[in-house]
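Single-letter residue listing:
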Amino acid sequence: MALEHAILVSLTERAGSGYELARRFDRSIGFFWPATHQQIYRVLRRMDDAGWITHTDVAQDGRPDKKVYEVSEDGRSELARWLAEPVDPAILRDGLAVKLRGASLGDTAAVLREVERHRAEHATRLETYRGIQRRDFPKPDKLNGRELHQYLVLRGGVRAEESFLGWCDEVIQAMRSESTS
């Protein structure tokens with residue numbers, strides 16, 4: 001997936017400025033497709049040049065005008081084309097798994113500390129997801145359309161984090177047992 005498609009999805013949900021879009025990425029889409037603010041602004045310019053989005057200049061008191069972006073018809077066509085494309089399920093990049101596989105070739109204690117660090121970060125992310133779920137989707141059985149789809153992505157994140165934490169616990173226990181034997 002290209003960042004362009006994540007931006008198209010977000011702007012289809014709600015028009016916004018580059019700053020507003022970057023904040024949305026920080027709070028939601030970025031959990032699944034991270035991007036820096038600089039990347040977002042760079043891609044917005046490319047998308048505007050390609051005709052996938054349009055912008056309206058909005059005057060602000062004491063500050064430069066801001067550009068509010070929305071998806072054009074060409075952008076909606078591109079999004080529909082991309083949504084219909086298959087995603088390659090074989091592509092999975094995980095630097096931690098590669099480090100773990102090579103742990104015996106170096107400092108296994110350092111790799112164990114890295115697994116523990118990842119576990120702590122993912123536990124925090126899981127609590128964030130659960131907080132979003134409680135706040136934004138208190139009655140999931142009543143959802144449909146866009147809200148249902150957003151909820152399902154969030155549930156995928158919750159399930160992935162739960163699974164990852166279980167795997168980290170398994171790795172940590174095995175590596176600690178290995179070091180004591």
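Definitions and limits used
Throughout this description, residue numbers start from 1 for each chain and increase along the sequence as written. Under the rules for a predicted model, residues below a pLDDT of 70 receive no local features and side-chain atom pairs below 80 are neither given nor counted, while totals for whole chains, interfaces and linings still include all residues. Based on all heavy atoms of the structure, the side-chain values leave hydrogens and waters out of the count. Just to be clear on terms, a salt bridge is a Lys or Arg side-chain nitrogen sitting within 4 Å of an Asp or Glu carboxyl oxygen. By definition, any uninterrupted DSSP run of H or I lasting at least four residues is a helix, any uninterrupted run of E lasting at least two residues is a strand, and each is numbered from the N terminus. Three labels apply to residues, based on accessible area from a 1.4 Å probe with only protein chains included: buried if under 20% of the type maximum, exposed if over 50%, partly exposed otherwise in between. Here a strand pair is declared whenever DSSP counts at least two bridges between the two strands. Per-residue confidence from the prediction method is given by pLDDT, with values spanning 0 to 100. All axes are obtained by fitting lines to C-alpha atoms, using only the stretch in contact for helices, and the reported angles, taken between N-to-C directions, cover 0 to 180 degrees. Here is the rule for angles: anything less than 35 degrees is roughly parallel, anything more than 145 is roughly antiparallel, 65 through 115 is roughly perpendicular, and the remaining ranges are oblique. We call two residues in contact when some of their heavy atoms are within 4.5 Å. In this count, Pro and Cys sit with the nonpolar residues alongside Ala, Val, Leu, Ile, Met, Phe, Trp and Tyr, while Asp, Glu, Lys and Arg are called charged and the others, Gly among them, polar.

- The chain has the name PadR family transcriptional regulator in an unreviewed UniProt entry, where Kribbella koreensis is given as its organism.

Let's talk about the pattern of salt bridges
So, step 1. Going through the model one piece at a time under the given rule, you end up with 12 salt bridges.
So, step 2. Notably, a salt bridge pairs Glu4 with Arg46, separated by 2.8 Å at the nearest N-O pair. With a gap of 42 residues between them, Glu4 in helix 1 (residues 3-13) and Arg46 in helix 3 (residues 37-50) connect regions that are remote in the sequence.
So, step 3. With relative accessibility at 45%, the residue Arg46 sits in the partly exposed group.

Side note on the pairing of strand 3 (residues 63-71)
So, step 1. Relative to strand 3, strand 1 (residues 16-17) runs antiparallel, the two sharing two bridges. In the strand pairing of strand 3, Gly16 is matched with Tyr69.
So, step 2. Direction of pairing for strand 2 (residues 53-60) relative to strand 3: antiparallel, over a ladder of seven bridges. Along strand 3, the bridge assignment pairs Thr56 with Val68.
So, step 3. Connecting the antiparallel pair strand 2 and strand 3 is a turn made up of two residues, with Gly62 showing a positive phi of about 70°.

What to know about the confidence of the model for the chain
So, step 1. The pLDDT averaged across the chain works out to 89; a share of 96% of its residues lies at or above 70.
So, step 2. Across the chain, helix 3 holds the top mean pLDDT of 95, while helix 5 (residues 95-101) sits lowest at 79.

Digging into the packing of helix 1 against helix 2 (residues 18-27)
So, step 1. It is the contact of helix 1 with helix 2, at a shortest axis distance of 11 Å, that shows an interaxial angle of 100°. On the basis of the axis angle, helix 1 is roughly perpendicular to helix 2. Contacts between helix 1 and helix 2 involve Leu3, Ala6, Ile7, Ser10 and Leu11 on the former and, on the latter, Leu21, Arg24 and Phe25.
So, step 2. Of the residues in the contact of helix 1 with helix 2, the class split is six nonpolar, one polar and one charged.

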